[in-house]
Amino acid sequence: MGNSLKAIVAFVPSNECQKYLLEDLEEMPVDKMVDLSGRQLRRLPLHICSFRELVKLYLSDNNLNHLPPELEQLQNLQILALDFNNFKALPLVVCTLKQLCILYLGNNKLCSLPLELRLLQNLKTLWIESNCLQCLPEVVCELSLLKTLHAGSNALRTLPTQLRCLQELRTIWLSGNLLSEFPPVLLDMPFLEVIDVDRNSIRFFPSLAHLPGLKLVIYDHNPCRNAPKVAKGVRRVGRWSEETPEPRKRSGAVIEISLEEKPSPPPAAKPEPEAEPC
């Protein structure tokens, strides 16, 4: 079915048109996964909510801006993808899905997250990149099992000190924000393995050599005058990394060294679902 035809049919709310968009998906698949990505959907078909054993639901790249309360019936759902839609607020019904461990909310229009998000205490992966967040919602700091947080391409200037409470957090992606300094709270998180602050406005990096769990730090595309110091074996991606020296001072002047740009960090697109087991 062509995308243009889907777009036209999506405006018609009749059951026949919705079935056409769903390509006659009337029974829950054996693998307990439903992928309705890129179907031009403007509303979630209610009969999907009757698949009570559903484990994975992908609704990426549609035109959704709300979800029906009947979604609460999917209490076995572990993965929910709502990225690339038109949500201005996270539907509260999502916060009733207490078995969720992976939630994709990137590329929407979110300016905040509801306090009810704290109910998702099994959440291990949260993607909120490419939204309208000016600060990281403090409710994120209450997700005690969170391992991966992708908050890139927002308008973050600082991080809350409560973030240090997330002792299971291993990977934090903050590229493309408005950070003018390296977030101090990250210096108090020795369990972090990957820190990405690419494409910010950081001019000085403190030493990260005291972080025993660190494996990778990405700091490229910042107006910095130094590279972060790291422990042996930690990979750095940015100016003056392992292969090139930092600028040297002579008579008070900084001598710039010509460099090739390092490769950009991994793309912000979400990984294959199976790559992040619950």
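Just so it is clear, the model here is predicted, and its values are computed rather than measured.

**Overview of the sheet that holds strand β8 (residues 194-196)**
Link 1 in the chain: Taken in spatial order, the ten strands make up an open sheet running β1-β2-β3-β4-β5-β6-β7-β8-β9-β10, and their pairing is parallel. The two strands at the open ends of the sheet, each matched to only one other strand, are β1 (33-35) and β10 (235-237). The average undirected angle you get between the axes of adjacent strands in this sheet is 5°.
Link 2 in the chain: Here strand β7 (residues 171-173) pairs with β8 via three bridges, running parallel. What sits directly across from T171, in β8, is V194.

**Structural notes on the packing of aromatic side chains**
Two descriptors summarise a pair of aromatic rings, namely the distance from one centre to the other and the angle between the planes of the rings.
Link 1 in the chain: The tally for this structure, following the rule as stated, stands at three aromatic pairs.
Link 2 in the chain: These aromatic residues form a ring-pair network of at least three members: F182, F205 and Y219.

**Let's talk about unusual backbone geometry**
Link 1 in the chain: Located in the positive-phi region is N107, a residue other than glycine, with phi close to 60°.
Link 2 in the chain: For N107, the position within the fold is in the loop between β4 (102-104) and β5 (125-127).
Link 3 in the chain: Under the relative-accessibility criterion, N107 is labelled partly exposed at 25%.
Link 4 in the chain: Located in the positive-phi region is S153, a residue other than glycine, with phi close to 55°.
Link 5 in the chain: For S153, the location among the structural elements is in the loop between β6 (148-150) and β7.

**Examining the environment of V185**
Link 1 in the chain: As for its position among the elements, V185 is in the loop between β7 and β8.
Link 2 in the chain: Leave out the neighbours within four places in its chain, and V185 touches L159, P160, T161, L163 and R164.

**Considering the confidence of the model for the protein**
Link 1 in the chain: Averaged over every residue, the pLDDT of the protein is 86; residues scoring 70 or more account for 78%.
Link 2 in the chain: The low-confidence segment residues 5-12, where pLDDT is below 50, has 17 contacts with residues more than four positions distant or belonging to other chains.

**Regarding the pattern of salt bridges**
Link 1 in the chain: According to the stated counting rule, one finds five salt bridges in the structure shown.
Link 2 in the chain: With a closest N to O distance of 3.4 Å, K147 and E168 form a salt bridge. Taken together, the positions of K147 in the loop between β5 and β6 and E168 in the loop between β6 and β7 put the pair 21 residues apart, joining distant regions of the chain.
Link 3 in the chain: By relative accessible area, K147 is classed as partly exposed at 33%.
Link 4 in the chain: Residue R164 pairs with D188 through a salt bridge whose shortest N-O separation is 3.0 Å. In this pair, R164 sits in the loop between β6 and β7 while D188 sits in the loop between β7 and β8, placing the two residues 24 residues apart along the sequence.
Link 5 in the chain: Residue R164 is classed as partly exposed on the basis of its relative accessible area, which comes to 35%.
Link 6 in the chain: The exposure class of D188 is partly exposed, given its relative accessible area of 41%.

**What to know about the environment of L216**
Link 1 in the chain: Relative to the elements of secondary structure, L216 occurs in strand β9 (residues 216-218).
Link 2 in the chain: We classify L216 as buried; its relative accessible area is 17%.
Link 3 in the chain: Sequence separation between L216 and V194 is 22 residues; the distance between their C-alpha atoms is 4.9 Å.
Link 4 in the chain: Beyond its immediate stretch of four places on either side in the chain, L216 contacts E193, V194, I195, V234, R235 and V237.

Quick notes on the rules
Residues numbered from 1 in each chain as written. Predicted model: local features only at pLDDT ≥ 70, side-chain atom pairs only at ≥ 80, totals over all residues. Heavy atoms only, no water. Pairing = 2+ DSSP bridges. Helix = DSSP H or I, 4+ residues; strand = E, 2+ residues; numbered from the N terminus. Axes fitted to C-alpha atoms, helices over the stretch in contact; angles between N-to-C directions. Phe/Tyr/Trp six-rings, centres within 6.5 Å; stacked < 30°, edge-to-face > 60°. Buried < 20%, exposed > 50% of the residue type's maximum accessible area, 1.4 Å probe, protein only. Contact = heavy atoms within 4.5 Å. pLDDT = per-residue confidence, 0-100. Salt bridge = Lys/Arg side-chain N within 4 Å of Asp/Glu carboxyl O.

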